[in-house]
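For reference, the chains in residue letters:
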Amino acid sequence: MSTEHAPADGRKRRRSHREVADVLRERIRSGSLRPGQRMPTQAELADEFGVERGAVREALRILHREHLLSNVSKGSPATVAAPSERLLGRDDAARPQPTMVGLAPRVAAAFEAPHVEIDALCLTSVSLTMAIGEPLRRIHAGQHKPAKVDVRVLLPSRDIDLAFPAAVDGGEDESGQVHRHWLDQRNAQGQVLRHNLLALRASHGIDVSVRFRALPFTPPVKLYLINGSEALFAYYTLTKRDEEIGQESLEMYDAQGARSVLFPFRRGEGLRDTTFVEQSHLWFDALWNTISRDLELAAG
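The notes below deal with the structure included here.

Parameters at a glance
- Sequence positions are assigned chain by chain, starting from 1 and proceeding in written order.
- Given that the model is predicted, a residue must reach a pLDDT of at least 70 before its local features are reported, and side-chain atom pairs must reach 80 or more before they are shown or counted; all residues, however, enter totals for whole chains, interfaces and linings.
- Heavy atoms throughout the structure, all of them, feed into the side-chain values; hydrogens and water do not.
- Under the DSSP-based scheme used, a helix requires at least four consecutive residues in state H or I and a strand at least two consecutive residues in state E, with every element numbered from the N terminus.
- Here's how the labels work: a residue is buried when its accessible area is under 20% of the maximum for its type, exposed when over 50%, partly exposed in between, all with a 1.4 Å probe on protein chains only.
- We call two residues in contact when some of their heavy atoms are within 4.5 Å.
- Accessible surface area values rest on a Shrake-Rupley calculation with a 1.4 Å probe, where residue burial reflects the displayed protein chains alone.
- Strands are labelled as partners when DSSP assigns at least two bridges between them.
- We define a salt bridge as a side-chain nitrogen of Lys or Arg found within 4 Å of a carboxyl oxygen belonging to Asp or Glu.
- Each axis is a line fitted through C-alpha atoms, taken for helices only over the stretch in contact, and angles between the N-to-C directions span 0 to 180 degrees.
- For classification purposes, an angle smaller than 35 degrees is called roughly parallel, one larger than 145 roughly antiparallel, one from 65 to 115 roughly perpendicular, and anything else oblique.

## Considering the overall build of the chain
Move 1: When helices and strands are counted, the chain shows nine helices and 13 strands.
Move 2: Burial status across the chain gives 47% buried among its 300 residues.
Move 3: Restricting to contacts in the chain with at least 6 residues of sequence separation, those with at least 24 account for 73%.
Move 4: When the accessible surface of the chain is totalled, it reaches about 14800 Å², and 51% of it is carbon and sulfur.

Right, here's the structure in full:
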């Protein structure tokens, strides 16, 4: 049994599942654990790291999602993936995809963890609300049951003049129809997201926190941070289009958020990716703790 984690007094420091994954990832990449080699059993890993088996299982799931392990199941120890499997998996995972293609499976995978943490910065929460649908279905079907879910969402304030969506000729929207249309969507989607997640408290006894804060600017990009290990980044690309609002057809500048292409970055996938994930968390936390303010999802 390895003693590399034991402090001088002989007691083992309790580690999180992410720390266990970090150590095992380094062993795989250094060659200490070779392709095709079977991993120690979950019981052996739990004893070595001084953690519960649930933490070990989650660490193995992380490495499986990173295509570093194969044959991850409850029945037998996982196997270190061959280099060809790793390259294929990494290329597939790193491929930029439209938001609704790339976000949903990552959010679903996040809910396999005992503690789900999702931070989002976006224009509305439409994409996130839709992506949450599948993990909710799995929870209600008894396939997953995280112990805790923490969701934080940064959205533009209702009190600012949005850069977009906005009428091409501002004079055509003197009554503020475009702004009210966006605000109604922002509030409605946020309320649905909050209601669906908080309902897990009563139905499954899951500890859920859903918080919103308002930004004093229009975000030109969207960002999703998932379980502390992945950052998904996309640009809002503006187009000019006609929108039917009420009885009027208005020419407006807007962004098709669901079609925005997400670029994925993963902690542990090299210095660039790891640094991007870390800096994205620092940026999000700074916005959350400084210039944003509490957001009430009230009717517009």
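## Re the sheet that holds strand β6 (residues 166-167)
Move 1: On the basis of which strands lie adjacent, the open sheet formed by three strands has the order β6-β11-β10 and antiparallel pairing. At either end of the open sheet lies a strand with only one pairing partner, and these are β6 and β10 (238-245).
Move 2: The pairing of β10 with strand β11 (residues 248-255) spans eight bridges and is classified as antiparallel. Considered in β11, the bridge of Glu 244 is made with Ser 249.

## Overview of the sheet that holds strand β13 (residues 293-294)
Move 1: On the basis of which strands lie adjacent, the open sheet formed by eight strands has the order β3-β12-β9-β8-β4-β5-β7-β13 and mixed pairing. Only two strands of the sheet have a single partner each, and these edge strands are β3 (97-98) and β13.
Move 2: Two elements, strand β7 (residues 207-215) and β13, share two bridges in a ladder whose sense is antiparallel. Opposite Arg 213, over in β13, you have Asp 294 as the bridge partner.

## As for the environment of Val 192
Move 1: Here Val 192 is to be found in helix α8 (residues 177-204).
Move 2: We classify Val 192 as partly exposed; its relative accessible area is 38%.
Move 3: The spacing of Val 192 and Ser 125 is 67 residues in sequence and 9.5 Å in space, taken between C-alpha atoms.

## Thoughts on the environment of Leu 162
Move 1: Structurally, Leu 162 is set in the loop between β5 (148-156) and β6.
Move 2: C-alpha separation for the pair Leu 162 and Phe 217, spaced 55 residues apart in sequence, amounts to 7.3 Å.
Move 3: Discounting residues that sit within four places of it in the chain, Leu 162 has contacts with Pro 156, His 179, Trp 182 and Thr 218.

## What about the pattern of salt bridges?
Move 1: Applying the stated criterion across every chain, the model contains 17 salt bridges.
Move 2: Among the salt bridges present, the one from Arg 241 reaches Asp 254, with a minimum N-O distance of 2.6 Å. Here Asp 254 lies in strand β11 and Arg 241 lies in strand β10, a separation of 13 residues in the sequence.
Move 3: For Arg 241, a relative accessible area of 23% puts it in the partly exposed group.
Move 4: What makes Asp 254 buried here is its relative accessible area of 10%.
Move 5: The network of salt bridges with shared partners includes Arg 106, Glu 230 and Arg 266.

## Some words on the packing of helix α7 (residues 133-140) against α8
Move 1: Relative orientation of the contacting elements α7 and α8 amounts to 5 degrees, with a least axis distance of 11 Å. With respect to each other, α7 and α8 are oriented roughly parallel. Two secondary-structure elements touch here, α7 through Leu 136, Ile 139 and His 140 and α8 through Asn 196, Leu 197, Leu 200, Ser 203 and His 204.

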